[in-house]
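Reading the structure
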There are 4 protein chains.
Amino acid sequence: MVIRSIRDNYDAADKQQRILQAAHAEFAEKGFDGARVDSIAARARANKQLIYYYFTNKDVLFTQVLEAAYRDIREQEAALDLAAFPANEAILKLVEFTWHYYLKNPEFIRLLNSENQLKARHLKTSGSTVEINRSWISITEHLLARGRAEGTVRDGIDVMQLNINISALGFFYLINQSTLSILYQKDLGEQAALDERLRVMKECIAAWIRP
Amino acid sequence: MVIRSIRDNYDAADKQQRILQAAHAEFAEKGFDGARVDSIAARARANKQLIYYYFTNKDVLFTQVLEAAYRDIREQEAALDLAAFPANEAILKLVEFTWHYYLKNPEFIRLLNSENQLKARHLKTSGSTVEINRSWISITEHLLARGRAEGTVRDGIDVMQLNINISALGFFYLINQSTLSILYQKDLGEQAALDERLRVMKECIAAWIRP
Amino acid sequence: MVIRSIRDNYDAADKQQRILQAAHAEFAEKGFDGARVDSIAARARANKQLIYYYFTNKDVLFTQVLEAAYRDIREQEAALDLAAFPANEAILKLVEFTWHYYLKNPEFIRLLNSENQLKARHLKTSGSTVEINRSWISITEHLLARGRAEGTVRDGIDVMQLNINISALGFFYLINQSTLSILYQKDLGEQAALDERLRVMKECIAAWIRP
Amino acid sequence: MVIRSIRDNYDAADKQQRILQAAHAEFAEKGFDGARVDSIAARARANKQLIYYYFTNKDVLFTQVLEAAYRDIREQEAALDLAAFPANEAILKLVEFTWHYYLKNPEFIRLLNSENQLKARHLKTSGSTVEINRSWISITEHLLARGRAEGTVRDGIDVMQLNINISALGFFYLINQSTLSILYQKDLGEQAALDERLRVMKECIAAWIRP
DNA sequence: GATGAATGAGCCTTCATTCAT
DNA sequence: AATGAATGAAGGCTCATTCAT
């Protein structure tokens, strides 16, 4: 047992963090199968073996990356101040938040995608993620309840369906941006196109929840 | 040019077809990177090298699979008899068609997904696909025009946004079925859940396009 | 047994010839191992199987290419009119001829090289080549005898050594042109360099055979 | 940077060395295209992938083999004590050295040959080789200058031409030994033939450089 | 003669992972 | 905690050659 300085521990935590970030980037860019452990090591400026030391194998590493990703979006979401608005407006705020989060963290949807390609095999073994995502559900749940009470949101809107709709409208656009841009012969990534998409998404959700 | 028996041509064409189908299944199941040429050969009961003889390499093979996939959905879509309905209802028929197509051909969305993970690198080199997908656009275009004329669809609905919305609501649900089922602790694949999803999707689109 | 027109036979001979030429070029360019049967077929605009029909396999094809190559240089050499010159000058004519032949038929030395890399495995089975090359020996033999009689060439010059010297001085320069050009940082292929080389070669041989 | 036992460093360096030697032998025997990485691994009693770990790929490996080969001949050449002889005799010593080096290292000329077959594609990327070969040039350069001063070597002998002549006369004989032995129906590899060849080479060079 | 289809063997290379210190 | 060395298992692809008309 060696006494080790705080500096050391800091360094170690730091290196783990660097590996995690490198893995995050690599997995998002190339998917799980396309990602290379060597490449992650290089990005993290770490010895490859260290990755195995800290994370056991590629799957565990991916699982941790995924958990961190979920944690991040849910934390940011939870930090939103939605109480100040009527529920219907608050829901549109949520649409905006989701959209902007996807835009600012394009790897997030790519990670989810990769995980789904693998039939959620990592998520299945992750205890924490279900917990983490509970907030996603409950925030919207409360908004819906409040909306019904306020009369700003109609009856019969299911939490899960709402959450899925909010995600779906943005997710599909962004994840398929490459192919859609070709099929429509138009760059879906330019600002005007992105703004227009957000407008449509809000319009669509608003129409759907309107009493 | 030698005259050759029908049997022969049939055999060769048949084998190419078998390879294509095997590739379709393999790529859909495992994604481009996860797919194995060996595995495709085994599925097609063909010699592995024959795949290279006919398709040059894995990328070309994927491109052809992708093109065939697009061709199929667009052909089926074009065969729909939408003229018999008012435009707003016809659009909901389109929502239904899309949804059922996705359900019956789960590989389709997985192929698209894989291609997007690769940033549309195959689609970029495929001349035919843009052409193939034109029908997707024009069918909806005509429906929208008719709907405005009939007064069953409101002004200001963009074709691309409509098409994307129709696809998005179903695509996201299905492609993320694995992870969503875990997060919501509920099997999203059972019939009742699927029916409910279709209902919500139609409800959402209907509300959005209503004059 | 089918009676076939002269045209047909001509075509067949022609196609064999085309294959042979294509093989000549391919083998010279890439060596035996680097050469591709497919590539030869493409160059000859012939079906690959036809190559096997006519030539059995890659080795036989190479052997025939090699024999044709030897036949060609020896035929041209035999056609030289050396009787008009004193023997010492005639020998220098031979130096010139050899050099210019190498220059005009760069594949020749490349073929020889490739064959030597393979330890003459094709030549060993070729009956005709020894015969073909006899002229190479006898021409020089007679020149040497004449030279000694004339007093223009000294005693003690061995035929084989002379032939080898003549070939060596040019062959080495040309076959190693790529590496020598790099080591000497100078393009050994430009005309001035080639002319200078020939001058040196003649100078060297002349000095050596001088009585 | 970790301090590691001498044993370790020795082992690793040793294994690299063994791989290099195995590659040297394999490339010389079969040429670049004919050489097999598997075979090199077997010769070196090393895991095949270790070759890639240390040398990236077959081309890099060949380049290093080539560099080592050049380095070796030039080092031995530089170690010759030529100052003790008049320049003309020293040049003949060089002829002898070159000849004996070729005899003792038959792979050397085979490697050069293979590289030339590939149009010097490895040498082109090798920075060190030009440097290494500078000594080849300068040694002869000084001998020529000294010879002219002493009056033992005539004017007008170019360094490059001299070097090439020295190499050419031996190189051609040895590299084409297989085919020449067949054409002349005589074993050019037996000692008497080798001795005679050296005599001729010296005679030829001597005659050429004589004032 | 001529050709499209088919194949076995093998080649270079990659990659996640483990060993040994 | 950290690292260089090493490896088994494949993976995509190539190539000479043969099959079957």
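Keep in mind that this is a model prediction, so the values were computed, not measured. (Residues numbered from 1 in each chain as written. Chains lettered and ligands numbered in written order. Predicted model: local features only at pLDDT ≥ 70, side-chain atom pairs only at ≥ 80, totals over all residues. Heavy atoms only, no water.)

Structural notes on the overall build of chain A
How we decide: Helix and strand definitions here come from DSSP, where helices need a minimum of 4 consecutive H or I residues and strands a minimum of 2 consecutive E residues; each element is numbered from the N-terminal end. Exposed residues in this analysis have more than 50% of their type's maximum accessible area, buried residues have under 20%, and partly exposed residues fall in between, with area computed by a 1.4 Å probe over protein chains only. Per-residue and other accessible areas were derived by the Shrake-Rupley procedure at a 1.4 Å probe size, with only the shown protein chains allowed to occlude residues. His is not counted here, nor are the chain ends, while Lys and Arg score as positive and Asp and Glu score as negative. We put the charge of a Lys on NZ, of an Arg on CZ, of an Asp on CG and of a Glu on CD.
Counting its regular elements, chain A contains ten helices and zero strands. Reading chain A from its N terminus to its C terminus gives the helix and strand order α-α-α-α-α-α-α-α-α-α. Dimensions along the principal axes, computed over C-alpha positions, put chain A at roughly 65 × 45 × 30 Å. Among the 211 residues that make up chain A, the fraction classed as buried is 53%. Accessible area for chain A stands at about 9,600 Å²; split by element, carbon and sulfur atoms hold 51% of it. Side chains of chain A give 27 positive and 27 negative charges; the mean places of these two sets differ by 4 Å.

A short note on the protein's contact with DNA strand E
The following threshold applies: The rule for a residue being near a molecule or strand is that one of its heavy atoms must lie within 4 Å of it. Contacts described as polar in this section are N or O atom pairs within 3.5 Å, which, within protein, must combine one atom able to donate a hydrogen with one able to accept it, while residues neighboring in sequence count only if both atoms come from side chains. Ten residue types, Ala, Val, Leu, Ile, Met, Phe, Trp, Tyr, Cys and Pro, are classed as nonpolar, four, Asp, Glu, Lys and Arg, as charged, and the remainder, Gly among them, as polar.
Lining the immediate environment of DNA strand E, one finds 33 residues, of which A:Arg36, A:Lys48, A:Gln49, B:Asn47 and C:Asn47 sit closest. B:Asn47 places a polar side-chain atom, nitrogen or oxygen, 3.2 Å from a phosphate oxygen of DNA strand E. Taking B:Tyr54, its side chain carries an N or O atom lying 2.6 Å from a phosphate oxygen of DNA strand E. Taken together, the elements giving at least two residues each to the surface near DNA strand E come down to α3 (48-55) of chain A, α1 (6-34) and α3 (48-55) of chain B, α1 (6-34) and α3 (48-55) of chain C together with α3 (48-55) of chain D. Top contributing element to the surface near DNA strand E by residue count: α3(C), with five residues. Grouping the amino acids of the surface near DNA strand E by side-chain chemistry returns 14 nonpolar, eight polar and eleven charged.

Here we look at the domain arrangement of chain A
Residue and element names in this part refer to chain A. Test applied: A domain assignment, automatic or from a database, supplies the domain bounds used here. Here, a salt bridge means any Lys or Arg side-chain nitrogen found within 4 Å of an Asp or Glu carboxyl oxygen.
Per the domain assignment, the segments of chain A are domain 1 (1-55) and domain 2 (59-209). Once you take the C-alpha centre of each, domain 1 and domain 2 turn out to be 29 Å apart. Taken together, the connections running from domain 1 to domain 2 amount to zero salt bridges. At the level of elements, α1 (6-34) and α3 are the ones that each hand at least two residues to the side of domain 1 that touches domain 2.

Topic: the protein's contact with DNA strand F
Near DNA strand F lie 31 residues; those nearest to it are A:Asn47, B:Lys48, C:Arg36, C:Lys48 and D:Asn47. Sugar and phosphate atoms represent 58% of those atoms of DNA strand F found within 4 Å of the protein. Within the contact set of DNA strand F, a phosphate oxygen lies 3.5 Å away from a side-chain nitrogen or oxygen of A:Tyr53. Note that a phosphate oxygen of DNA strand F is positioned 3.0 Å from one of the backbone N or O atoms of C:Ala35. Those elements giving two or more residues to the surface near DNA strand F turn out to be α3 of chain A, α2 (37-43) and α3 of chain B, α3 of chain C together with α1 (6-34) and α3 of chain D. Residue composition of the surface near DNA strand F, by class: 13 nonpolar, eight polar and ten charged.

Remarks on the relation of the copies chain B and chain A
What relates the two chain copies is a rotation about an axis together with a slide along it. Counted only if it meets this: Each copy is superposed on the other by least squares, with the fit set by C-alpha atoms of residues at a pLDDT of at least 70 in both. Any two residues having at least one pair of non-hydrogen atoms within 4.5 Å are treated as being in contact.
Note on the copies: chain B fits chain A at an RMSD of 0.1 Å, the axial shift is 0.0 Å, and the rotation between them is 180°. Both copies are brought into coincidence by an operation consistent with a two-fold rotation axis. Most of the interface of chain B is mirrored in chain A, where 100% of its interface residues again form contacts.

Side note on the confidence of the model for chain A
Residue and element names in this part refer to chain A. Selection rule: pLDDT is defined as a per-residue confidence score from the predictor, taking values between 0 and 100.
Averaged over every residue, the pLDDT of chain A is 90; the share at 70 or more is 94%. Here α1 is the element of chain A with the lowest mean pLDDT, 80, and helix α10 (residues 191-209) is the one with the highest, 98. This stretch, residues 1-9, has a pLDDT under 50; its non-local contacts, to residues over four places away or in other chains, come to one contact.

Some remarks on the interface of chain B and chain A
Applicable threshold: Throughout, buried area stands for the accessible area (probe radius 1.4 Å) lost by two parts on being put together, summed over both.
At the junction of the two partners, chain B supplies 54 residues and chain A supplies 55 residues. Here chain B meets chain A over a buried area of about 5,000 Å², counting both sides, of which 64% is carbon and sulfur. If you sort the residues of chain B by the area they bury against chain A, B:Gln117, B:Leu183 and B:Tyr184 come out on top, with a joint share of 14%. Across the chain B-chain A interface, the total number found is two salt bridges. In this structure, B:Arg154 engages A:Glu203 in a salt bridge whose closest nitrogen and oxygen atoms are separated by 2.8 Å. Linking chain B to chain A there are 17 residue pairs in polar contact (both at pLDDT 80 or more). At the level of secondary structure, the elements contributing two or more residues to the side of chain B that touches chain A comprise α1, α6 (106-117), α7 (127-150), α8 (159-175), α9 (177-183) and α10 (191-209) of chain B. Sort the elements by how many residues they give to the side of chain B that touches chain A and α8(B) lands first, with twelve residues. A class-by-class count of the residues in the side of chain B that touches chain A yields 24 nonpolar, 17 polar and 13 charged.

What about the UniProt feature "DNA-binding region" (unreviewed entry) in chain A?
We count it as follows: UniProt positions are given in the numbering used here, feature names are shortened, and annotations may be inferred rather than shown by experiment.
Residues annotated by UniProt as "DNA-binding region" (unreviewed entry) correspond here to residues 36-55 of chain A. Helix makes up 75% of residues 36-55 of chain A and strand 0%, and the two end C-alpha atoms of the span are 15 Å apart.

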